[in-house]
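Residue-level structure breakdown
The chain contents come next:
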Amino acid sequence: MTLLAVPVTEEDFNFLQTWASKQGITVESFLAEQAHTLRLQLQQPIHPAVLSATGVLEQTANGKAEHLDHLAQKHA
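Source: prediction; values computed, not measured.

Criteria and cut-off values
Residues numbered from 1 in each chain as written. Predicted model: local features only at pLDDT ≥ 70, side-chain atom pairs only at ≥ 80, totals over all residues. Heavy atoms only, no water. Helix = DSSP H or I, 4+ residues; strand = E, 2+ residues; numbered from the N terminus. Rg over C-alpha atoms; globule rule 2.2 N^0.38 Å. Buried < 20%, exposed > 50% of the residue type's maximum accessible area, 1.4 Å probe, protein only. Lys, Arg positive; Asp, Glu negative; His and termini not counted. Charge placed at Lys NZ, Arg CZ, Asp CG, Glu CD. Expected span 1.5 Å × (residues − 1).

Here we look at the overall build of the protein
- Helix and strand counts for the protein come out as 4 helices and 0 strands.
- Computed over its C-alpha atoms, the radius of gyration of the protein comes to 23 Å, more than 25% above the 11 Å expected for a compact globule of 76 residues.
- With the C-alpha coordinates aligned to their principal axes, the bounding extent of the protein is approximately 55 × 40 × 25 Å.
- By the burial criterion, 5% of the 76 residues in the protein qualify as buried.
- Separation between the mean location of the 4 positive side-chain charges and that of the 8 negative ones in the protein comes to 5 Å.

Some remarks on the environment of His67
- Mapped onto the elements, His67 comes out in helix H4 (residues 63-74).
- Accessibility expressed as a relative area gives 44% for His67, which makes it partly exposed.
- With 19 residues separating them along the chain, His67 and Pro48 place their C-alpha atoms 34 Å apart.

A word on helix H1 (residues 10-23)
- Across its 14 residues, H1 extends 20 Å between first and last C-alpha, which sits within 8% of the 20 Å expected from 1.5 Å per residue.
- Immediately beyond the C-terminal end of H1, within one or two residues, lies Gly24, with a positive phi of roughly 80°.

Encoded structure:
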């Protein structure tokens, strides 16, 4: 097992300690479980339904420019 030191603000650490205590766990075990869960999720293949939807919507418009044009017309 590897030991990891993570700098966090005092406010965040106090929050984590309070929350973890209410859950009956330690901050360390919470962070270790989150890292483990993230690794497992990222190792899973992408669901076929998600893959089949990839590329369905094409970006054909410049949304920001169109929004700015709309605002210019609205407030003209």
